[in-house]
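Descriptive analysis of the structure
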Amino acid sequence: MNLSFEINENEVAKLQEMMEKMGVENQSMARLFDTSLSLLNWAIEQKEKGNKIMSVNYAEKVQVELSTPFLDN
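Here the structure is a predicted model, which means the values were calculated and not measured.

Moving on: the overall build of the protein. Secondary structure summary: the protein contains 3 helices and 2 strands in total. When the helices and strands of the protein are listed from N to C terminus, the series reads α-α-β-β-α. Over its C-alpha trace the protein gives a radius of gyration of 15 Å, far above what one expects of a compact globule, namely 11 Å for 73 residues. Considered along the principal axes of its C-alpha atoms, the protein spans approximately 40 × 30 × 20 Å.

So, in structure tokens, the structure goes:
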């Protein structure tokens, strides 16, 4: 399947930054989307089970729940 869409320059810069952080080559945009879809699928499954998706910093005793309109529906 071939997908084609347009995104603005700011979003392209964000994608490139994420790819650099992940060590993904510019030619592997598909790998970034594959990883993103896997993470989104996992998040949806967790919400369906009634679980919360959290970031926890045990050293500072801070926890933050992920909340997005997409996942909250």
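All right, on to unusual backbone geometry then. Positive phi values are uncommon outside glycine, yet Lys 61 reaches one of about 55°. Looking at where Lys 61 falls in the secondary structure, it is placed in the loop between β1 (54-57) and β2 (62-65).

Because an α-helix packs 3.6 residues into every turn, residues spaced three or four apart end up facing the same way. For helix α1 (residues 9-22), which comprises 14 residues, the first-to-last C-alpha distance of 20 Å matches the rise-based estimate of 20 Å (1.5 Å per residue) to within 8%. At the N-terminal boundary of α1, the capping side chain belongs to Asn 8, with an oxygen 3.0 Å from the backbone nitrogen of Asn 10. Phi for Gly 23, located one or two positions after α1, is positive at around 75°.

A few words on a nonpolar patch on the surface. A grouping of Met 1, Leu 3, Phe 5, Ile 7, Val 12 and Phe 33 is seen on the molecular surface, where their side chains present a nonpolar patch of about 670 Å² in accessible area. Mapped onto the fold, Phe 33 is located in helix α2 (residues 29-48).

This brings us to the layout of surface pockets. Roughly 220 Å³ of internal volume is contained in the largest pocket. Lining the largest pocket, in full, are Met 18, Met 22, Leu 32, Thr 35, Ser 36, Leu 37, Leu 39 and Leu 40. Mapped by element, the contributors of at least two residues to the lining of the largest pocket are α1 and α2. The dominant element in the lining of the largest pocket, judged by the number of residues it contributes, is α2, at 6 residues. Classifying every residue of the lining of the largest pocket by side-chain character gives 6 nonpolar, 2 polar and no charged.

Conventions used here
Residues numbered from 1 in each chain as written. Predicted model: local features only at pLDDT ≥ 70, side-chain atom pairs only at ≥ 80, totals over all residues. Heavy atoms only, no water. Helix = DSSP H or I, 4+ residues; strand = E, 2+ residues; numbered from the N terminus. Rg over C-alpha atoms; globule rule 2.2 N^0.38 Å. Expected span 1.5 Å × (residues − 1). Polar contact = N/O pair within 3.5 Å; in protein donor to acceptor, adjacent residues only side chain to side chain. Patch = residues over 30% accessible without salt bridge, like charges linked within 9 Å, V, L, I, M, F, W, Y side chains within 5 Å. Areas by Shrake-Rupley, 256 points an atom, 1.4 Å probe, with all protein chains shown as cover. Salt bridge = Lys/Arg side-chain N within 4 Å of Asp/Glu carboxyl O. 1 Å grid on protein atoms, 1.4 Å probe; cavity = no way out; pocket = protein on both sides within 12 Å on 5 of 7 lines; lining within 4 Å. Points joined across faces, edges and corners; volume = space filled by probe spheres on them. Nonpolar A, V, L, I, M, F, W, Y, C, P; charged D, E, K, R; others polar.

Remember that the coordinates give geometry; whether it matters functionally is a separate question.
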